[in-house]
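Commentary on secondary and tertiary structure
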Amino acid sequence: MQLQTSLSQIIRSGIAVAALAALSGQASAFGVNLVTNGGFETGNFTGWTQIGDTTFNGVQCPGVGLVPQGSCNAFFGPVGTLGGIQQTLATTAGAQYFISFIFNSDGGTPGNFIVDFGGQNLLNLVNPPSAGNQTFAFNAIATAASTVLKFQFRDDPGFVLLDGVQVIPEPASLGLVSLALLGLAASRRRKTH
């Protein structure tokens, strides 16, 4: 009898593990980054449109460990006015999105850093201080089937850096997956006691 109980528990555990793997695989499918070339690993602005003053904008690839993510990052140094990049993303009106990126300012003044998602101002820093690599993260709701993600910069005396740009859909079904996992864990616990 003890052998049957142990075998039955192992089978149930195997089923639970398989279900968890399937559900977590489904959840990770929703975690696709909508941004093309968000880490600038192409060595250029492929996927992006440059806007405004682009005189001192570019991509550098010093190698792994010398930038926050991957081998490359973008630099911006517009003087006297704003310049930057933007990308139009395929979105769903009414859906929520997680937006994140890594920003590094040299602390130069005058300076400005503005981030906009579909007309929603996410960030507007005037004379951002030198603080090393900073990760910023926001949640925003798309209002149309396509949404423009826009980064604008000004740094008269030097350069600011950008890397690791991500826009990830946050589906409501992710909450349902969490509830399913909790239910599965609770039923497994009840059956083993």
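First, a word on what this report is: a plain description of the structure on this page. (Residues numbered from 1 in each chain as written. Predicted model: local features only at pLDDT ≥ 70, side-chain atom pairs only at ≥ 80, totals over all residues. Heavy atoms only, no water.)

**As for the nonpolar core**
- Counting residues in hydrophobic clusters, the biggest one holds 30 residues, and the most contacted among them are Phe-101, Phe-117, Leu-149 and Phe-151.
- The residues touching Phe-117, leaving out its near neighbours within four places in the chain, are Leu-89, Thr-91, Tyr-97, Ile-99, Leu-122, Ala-140, Ile-141, Ala-142, Thr-147, Val-148, Leu-149 and Val-167. (Core = buried A, V, L, I, M, F, W, Y, C linked by side-chain atoms within 4.5 Å. Buried < 20%, exposed > 50% of the residue type's maximum accessible area, 1.4 Å probe, protein only. Contact = heavy atoms within 4.5 Å.)

**Quick notes on the sheet that holds strand β4 (residues 83-90)**
- In space, the five strands of this open sheet follow the order β1-β4-β9-β6-β7, with antiparallel pairing throughout. Since the sheet does not close on itself, it has two edges, and those belong to β1 (49-52) and β7 (120-126), each with one partner. The sheet shows a mean angle of 15° between the axes of neighbouring strands, direction not considered. (Pairing = 2+ DSSP bridges. Helix = DSSP H or I, 4+ residues; strand = E, 2+ residues; numbered from the N terminus. Axes fitted to C-alpha atoms, helices over the stretch in contact; angles between N-to-C directions.)

**Topic: the pairing of β7**
- Two elements, strand β6 (residues 111-117) and β7, share six bridges in a ladder whose sense is antiparallel. Bridge assignment links Val-115 to a residue of β7, and that residue is Leu-123.
- Remark: two residues form the turn of the hairpin made by β6 and β7, two consecutive strands paired antiparallel; Gly-118 in that turn has positive phi of roughly 60°.

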